[in-house]
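# Structural features, examined
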2 protein chains.
Amino acid sequence: MLRTHTCGQLRAEHVGQQVTLCGWVDTARDHGGTLFIDLRDRYGKTQVVFAPEGGAAQLEDSRKIRGEDVIKVVGTVAKRPEGTINQKIGTGEIEIRVTSLELLNKSNNAPFNPTQADLPGEDLRLKYRYLDLRRPEMQRTLKLRNDIILEMRNYFADNDFLDVETPILGRSTPEGARDYLVPSRVHNGQFYALPQSPQLYKQILMVAGYDRYVQVARCFRDEDLRADRQPEFTQLDLEMSFVTHHDVINMIDGLMKRMAKKFLGMDLQLPLPHMTWDEAMERFGHDAPDLRYGCELIDCTDLAAKSDFRVFKETAEAGKKVRGINAPGGAAFYSRKLIDELTEFVKQFEAKGLAWFRVEPDGKLWSPISKNFTEEQLAGFAQRMQGKPGDLLFFVADTWAISCKALHNLRKKVGVDLKLYDPKSYSFSWIVEFPMFEYDAEEKRWNSMHHPFTAPRPQDIPMLETDPGKARAVAYDLVINGSEAGGGTIRIHDSATQSKVFGLLGIDAETAKNRFGFLLDALQMGAPPHGGIALGIDRVVMLFGQLDSIREVIAFPKTQKATDLMTEAPNLVDNKQLRELGIRIATNDTK
Amino acid sequence: MLRTHTCGQLRAEHVGQQVTLCGWVDTARDHGGTLFIDLRDRYGKTQVVFAPEGGAAQLEDSRKIRGEDVIKVVGTVAKRPEGTINQKIGTGEIEIRVTSLELLNKSNNAPFNPTQADLPGEDLRLKYRYLDLRRPEMQRTLKLRNDIILEMRNYFADNDFLDVETPILGRSTPEGARDYLVPSRVHNGQFYALPQSPQLYKQILMVAGYDRYVQVARCFRDEDLRADRQPEFTQLDLEMSFVTHHDVINMIDGLMKRMAKKFLGMDLQLPLPHMTWDEAMERFGHDAPDLRYGCELIDCTDLAAKSDFRVFKETAEAGKKVRGINAPGGAAFYSRKLIDELTEFVKQFEAKGLAWFRVEPDGKLWSPISKNFTEEQLAGFAQRMQGKPGDLLFFVADTWAISCKALHNLRKKVGVDLKLYDPKSYSFSWIVEFPMFEYDAEEKRWNSMHHPFTAPRPQDIPMLETDPGKARAVAYDLVINGSEAGGGTIRIHDSATQSKVFGLLGIDAETAKNRFGFLLDALQMGAPPHGGIALGIDRVVMLFGQLDSIREVIAFPKTQKATDLMTEAPNLVDNKQLRELGIRIATNDTK
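Residues numbered from 1 in each chain as written. Chains lettered and ligands numbered in written order. Predicted model: local features only at pLDDT ≥ 70, side-chain atom pairs only at ≥ 80, totals over all residues. Heavy atoms only, no water.

## Quick word on the sheet that holds strand S6 (residues 162-163) of chain B
Residues and elements named next belong to chain B. With mixed pairing, 8 strands are arranged side by side in an open sheet as S6-S9-S10-S22-S21-S20-S17-S11. Lying at the two open borders of the sheet, with one neighbouring strand each, are S6 and strand S11 (274-276). Relative to strand S10 (residues 232-241), helix H5 (residues 199-207) is tilted by about 20°, and along the sheet it contacts strand S9 (212-220), S10 and strand S22 (530-536). Contacting S9, S10, strand S17 (428-432), strand S20 (475-480), strand S21 (483-490) and S22, helix H17 (residues 537-545) crosses the sheet at an angle of about 140° to S21. (Pairing = 2+ DSSP bridges. Helix = DSSP H or I, 4+ residues; strand = E, 2+ residues; numbered from the N terminus. Contact = heavy atoms within 4.5 Å. Axes fitted to C-alpha atoms, helices over the stretch in contact; angles between N-to-C directions.)

Now the structure itself:
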């Protein structure tokens, strides 16, 4: 090595030793003719000192050093003078008295300095990602990502899982999201697809007897990108044979306990709490509720039906819902202006309006609409909502689905506004028994809520024929702090049930054979009962690292336009390449 | 779990316990009304017994069971009767007396049985890969692969490496092999490329201060496939900052020692032997010599020049080479017919012919061409070649390059034919100081021998201007048993040298900026000295597992036509998908 130690290694016990350090110039400052440089690498910072007595030439050279230059210094470890010790960093008791300096590389024309306080916009940081990645925050995050994945790997190795690599060049199956395609040169006119997940391969591995499979798998979806999505992402993918959903959930419980202990210093109580999808929607309006605070949805449809307020009454009579949340102590926080903003806010989620009541010091409700209610009716709402003086009660009168969506989002906003929970705290839970299908009113057919290989609960199999919307799946989502960290299901392991589900999804036998024939074959040649789960690693790192953007947990992320600003990908390619692939770029004429 | 134990777990100590096992029916045989089934899973096999006293219904059901059915049995662990104990397997002392049987899944219509002795052809096995993967050999290999990769990961974690994921959707740079392209939907007419290696990203990570990077990286090359190549393959990719080549080599030496100990039971002596490229070519005619045996190339050009044999004399006078190998004891093995075959064999490698001499019992040489030599000349050859009675001496008279290629391949063949080494033994070594460039006579320009980012030896930098062909790179290949297991280089870390090398490769400033601008920029903004290596994991698993084909070490390999026979990828896709991507399939008219 060009160095004897890293910049995070030297301590008082090394005083007197001659050492060689290499690193980046973090800061340089002159104190009465002596130059102090903080030399930085991934492991820490060390103060190196160029004193006049070190030799005139040496000092002269050191004057040319600028921030982010890469240097090598030889010198002696010395105790820092009294009063200059820095207890905040590991190397804070010592400094290096430099006897020799070598400039390994200059830093010229950098558009920004990773140590500067006010960083430039994200686009510039992504273009010069190598500068941005020098920031200690980024280095901490990528270290955390490394550590989390390593911990996962070791946990599953301890539990007899085999890491098996599945292909990236796979087959296009136009289910779910849009595929990224790869034209074949050997078979012109045909295409590979990049995997949206290794779902089919991992089921095949179970049929092949691998019993416990795990992979940190790269997955690809060519979707219009939301803030927290990337065209390629990484998931912890696993599958187990001869299991029920309890076994998969227990396995992940154990992982979460180990990770919470190691990375959050938390002792998780197992089993993690479970809630059915029906209960989650009823209580929180969402299938990934944040359980760190209450403020639950409360159904007042029956009270609304008995009131004289036309909107409430008609909603109830139409079979829709009047549900509300209690924002505890909200009266002091939300001015009339802010309440108007909340009304606009819920309209984003298709609610037609937001009714609200303030709980007065005497416990009675007041609202601009209170004249539409009798005192008794108001008292009924107050009691149902457990309104205490100073609380604000919000109501949405709409379809069940819209009231779920609007109140879930309102609850999230109220939780933040009123600081109903410690944002640094954690809550882990399972949501189970999802519906098998969602009805697509436009296409007039059922869609899988998870994917077409999900097993129904055994007792719900008859419902596939009679009432598919009521059938519940053996499906489970892991929710951390109101985010879906992962989801899994027990799979269908017989080809008859699989064909029946394909039928409900509008996939006829011919199409099923064409797309998934190998899976249907495999299910007839000795398939064990099996199930699994996938966790979103980017999401998990975000949650464990308390980070806001997925681009902060990926070394080389793409923008929302799916562009890599550093390498400028995608880009134009030679016509020769396209000719070999047997494709042409469509012009407007030929599209 | 549906089971209490795996099929590899039960021992004499469990006798008397009630257990539940699940697995595949490996074999079923009837002995006097009692049915014996070997139940199989990834962990082993257990004998389960259906005795008539278990109940008539039970036995009746058991009669319907066929090989590869998936069953669950409940029963009691019993000691096997005297004389039926099988010491070869861990569960050989016990058997399960079944009290309850459940058929979890039938196996119907399987085109072959993974337990059958004579397996069908590879195409059928690839199509029904889930059956093929049930073979214990395949399961052992994928377990070995898992274990090797895990050991690598832990080794590098122990050595402070960070695993950083680099993008799969990258930029096309038409250097080296052909890229796989991915059309962009958001940017119609532009393309991503799948990475041939994470080379540029790992250098960027060094510039970003990550110091030690490692990744088990998927790489892609759209090349016409040789027997041991796949369109996608996996490499152990790493990079280190502030290092010389010694540091990278030492790091891999340590890995090999750990792996040889764990997987081969070998104590490797470190450092592993080194040899320069020049020496390897001179002594073995190849840059990845198998050092498990001698049979080295010996230069006899000077002797040939003095002989009267026209072919030898003219070759020597033309500045070409007459070199040979001594096949020890070869006279007894190689008949005249076999020698004729060897002559045809070396012609595949462009040699015009093969001269040979037999060392007679009296130590003198005999050959059909010996009349062209004086006795003294023959004695000279015999002495130079250390010919002992019974040896065969082979000579190729040709250009240096052709004699390297022909004799290297002849040496390999002789090594196998004459069993000059134990094929189960191992030899590890480093080949170092490769040429920077190879001259492409057709294109009349230099090509990189490794890649354009390879640093020349510092003392050879002036040669870049005067004699590029003589410049040697700080490059190193790890060779195991005559296979290149990996290769690496110290990289250029200043943009001036990088530009000079691009110039020699015929990449002008404009093109370099266009393709690698971000790297050239990065090299100017504080790049540390750095270098790394990549090991071919598929190759390493083949070598450690003593396997012959890369398709045996990959769960879902592609054929030589780059087809996945199981999923039938690549395949035709919907026109809608192509329209969204802004591409068309070229017809013959539009190509």
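## Remarks on the sheet that holds strand S20 (residues 475-480) of chain A
Residue and element names in this part refer to chain A. Judged by pairing direction, the sheet is mixed, and its 8 strands sit side by side in the order S6-S9-S10-S22-S21-S20-S17-S11 without closing on themselves. Two strands close off the open sheet at either side, each with one partner strand: strand S6 (162-163) and strand S11 (274-276). As paired strands, strand S10 (residues 232-241) and strand S22 (residues 530-536) are joined by 7 bridges and run antiparallel to one another. From the neighbouring strand, aspartate 237 faces S22, where its bridge partner is alanine 534.

## Some words on the relation of the copies chain A and chain B
Both copies of the chain are related by a screw-like operation: a rotation about an axis and a shift along it. Note on the copies: chain A fits chain B at an RMSD of 0.1 Å, the axial shift is 0.0 Å, and the rotation between them is 180°. The superposition of one copy onto the other is thereby described by a two-fold rotation axis. A symmetric contact is evident, with 100% of the interface residues of chain A recurring at the interface of chain B. (Least-squares fit on C-alpha atoms with pLDDT ≥ 70 in both.)

## Looking at the pattern of salt bridges
In total, this model carries 108 salt bridges over all chains according to the counting rule given. Here lysine 558 of chain B ties to glutamate 232 of chain B by a salt bridge, and the two come within 3.2 Å at their closest N and O atoms. Note that lysine 558 of chain B is positioned in the loop between H17 and helix H18 (575-581) and glutamate 232 of chain B in strand S10, a separation of 326 residues in sequence. For the pair lysine 558 of chain B and glutamate 232 of chain B, a shared accessibility class is recorded, and that class is buried. Residues joined in a network through salt bridges with shared partners are Arg145, Arg218, Glu232, Asp538 and Lys558 of chain A together with Glu165 of chain B. (Salt bridge = Lys/Arg side-chain N within 4 Å of Asp/Glu carboxyl O. Buried < 20%, exposed > 50% of the residue type's maximum accessible area, 1.4 Å probe, protein only.)

## With respect to the interface of chain A and chain B
The interface of chain A with chain B comprises 128 residues on the first partner and 129 residues on the second. For aspartate 224 of chain B, the salt bridge identified is with arginine 185 of chain A, shortest N-O distance 3.3 Å. Joining chain A to chain B, the criterion identifies 73 residue pairs in polar contact (both at pLDDT 80 or more). Split into classes, the residues belonging to the side of chain A that touches chain B amount to 65 nonpolar, 30 polar and 33 charged. As defined by bridge partners, strand S23 (residues 583-585) of chain A adjoins strand S23 (residues 583-585) of chain B across 3 bridges and the pair is classed as antiparallel. When the bridges of S23 of chain B are listed, arginine 584 of chain A appears paired with arginine 584 of chain B. (Polar contact = N/O pair within 3.5 Å; in protein donor to acceptor, adjacent residues only side chain to side chain. Nonpolar A, V, L, I, M, F, W, Y, C, P; charged D, E, K, R; others polar.)

## Quick word on the UniProt feature "binding site: ATP" (unreviewed entry) in chain A
All names here are of chain A. With numbering matched to this structure, UniProt assigns "binding site: ATP" (unreviewed entry) to Arg221, Asp222, Glu223, Gln230, Glu484, Gly536, Ile537, Asp538 and Arg539. By the element assignment, glutamate 484 lies in strand S21 (residues 483-490). For glutamate 484, the residues in contact, after removing those within four places along its chain, are Ala288, Asp477, Leu478 and Arg539. For arginine 539, the position within the fold is in helix H17 (residues 537-545). Here arginine 539 falls in the partly exposed class, since its relative accessible area comes to 22%. Here arginine 539 is in contact with Asp228, Ser483, Glu484 and Ala485, once residues within four sequence places are set aside. (UniProt positions renumbered as here; feature names shortened; annotations may be inferred.)

## Focus: the packing of aromatic side chains
Working definition: an aromatic ring pair is given by the centre-to-centre distance plus the angle between the planes. In total, this model carries 63 aromatic pairs over all chains according to the counting rule given. On the basis of an interplanar angle of 45° and a centroid distance of 6.1 Å, the ring pair of tyrosine 426 of chain A and phenylalanine 544 of chain A is categorised as tilted. Of this pair, tyrosine 426 of chain A sits in the loop between helix H13 (400-417) and strand S17 (428-432) while phenylalanine 544 of chain A sits in helix H17; the two residues are 118 residues apart in sequence, bridging distant segments of the chain. Note on tyrosine 426 of chain A: relative accessible area 13%, which makes it buried. A residue is classified by how much of its surface remains accessible, and phenylalanine 544 of chain A, at 5% relative accessible area, is buried. Aromatic pair phenylalanine 453 of chain B and phenylalanine 516 of chain B: ring centres 5.4 Å apart, planes at 85°, arrangement edge-to-face. On the criterion of sequence distance, the pair formed by phenylalanine 453 of chain B in the loop between strand S19 (445-448) and helix H14 (463-466) and phenylalanine 516 of chain B in helix H16 (residues 509-523) is long-range, its members being 63 residues apart. Each member of the pair, phenylalanine 453 of chain B as well as phenylalanine 516 of chain B, is classed as buried. Taken together, the aromatic side chains of Phe309, Phe312, Phe357, Phe373, Phe381 and Phe395 of chain A make up a single cluster linked through ring pairs. The ring of phenylalanine 345 of chain A has lysine 413 of chain A lying over it, and the distance from NZ or CZ to the ring centre is 5.9 Å. (Phe/Tyr/Trp six-rings, centres within 6.5 Å; stacked < 30°, edge-to-face > 60°. Lys NZ or Arg CZ within 6 Å of the ring centre and 35° of its normal.)

## Describing the domain arrangement of chain A
Structurally, chain A comprises domain 1 (12-105) and domain 2 (293-417). The centre of domain 1 of chain A, based on its C-alpha atoms, is set 63 Å off from the matching centre of domain 2 of chain A. (Domains from an automatic or database assignment.)

## Re the packing of helix H11 (residues 336-347) of chain B against helix H13 (residues 400-417) of chain B
Residues and elements named next belong to chain B. Where H11 meets H13, the closest approach of the two axes is 9 Å, and the angle between their N-to-C directions is 135°. Judged on the interaxial angle alone, H13 and H11 are oblique. H13 is crossed by H11, and the crossing has right-handed handedness. Every residue of H13 that contacts H11 at Leu342, Phe345 and Val346 is listed here: Ala406, Asn409, Leu410 and Lys413. Here the contact of H11 with H13 is composed, by residue class, of 5 nonpolar, 1 polar and 1 charged. (Parallel < 35°, antiparallel > 145°, perpendicular 65-115°, else oblique. Left-handed = near helix turned anticlockwise from the far one by under 90°.)

## Description of the environment of asparagine 372 of chain A
Residue and element names in this part refer to chain A. Along the chain, the position of asparagine 372 falls in the loop between strand S15 (365-366) and helix H12 (375-384). Asparagine 372 gets classed as partly exposed once you look at its relative accessible area, which sits at 27%. With 71 residues separating them along the chain, asparagine 372 and threonine 301 place their C-alpha atoms 16 Å apart. Apart from residues no more than four positions distant in its own chain, asparagine 372 is found in contact with Asp308, Phe309 and Gln377.

## Concerning the pairing of strand S4 (residues 70-79) of chain B
Residues and elements named next belong to chain B. With respect to burial, S4 is a largely interior element, 7 of its 10 residues being buried. Bridge count between strand S1 (residues 18-31) and S4: 7 bridges; the pairing is antiparallel. Residue pairing in the sheet places glycine 23 in a bridge with isoleucine 71 of S4. Relative to strand S5 (residues 94-105), S4 is paired through 10 bridges, and the arrangement is antiparallel. Residue isoleucine 71 lies in a different strand from S5, and its bridge partner there is leucine 103.

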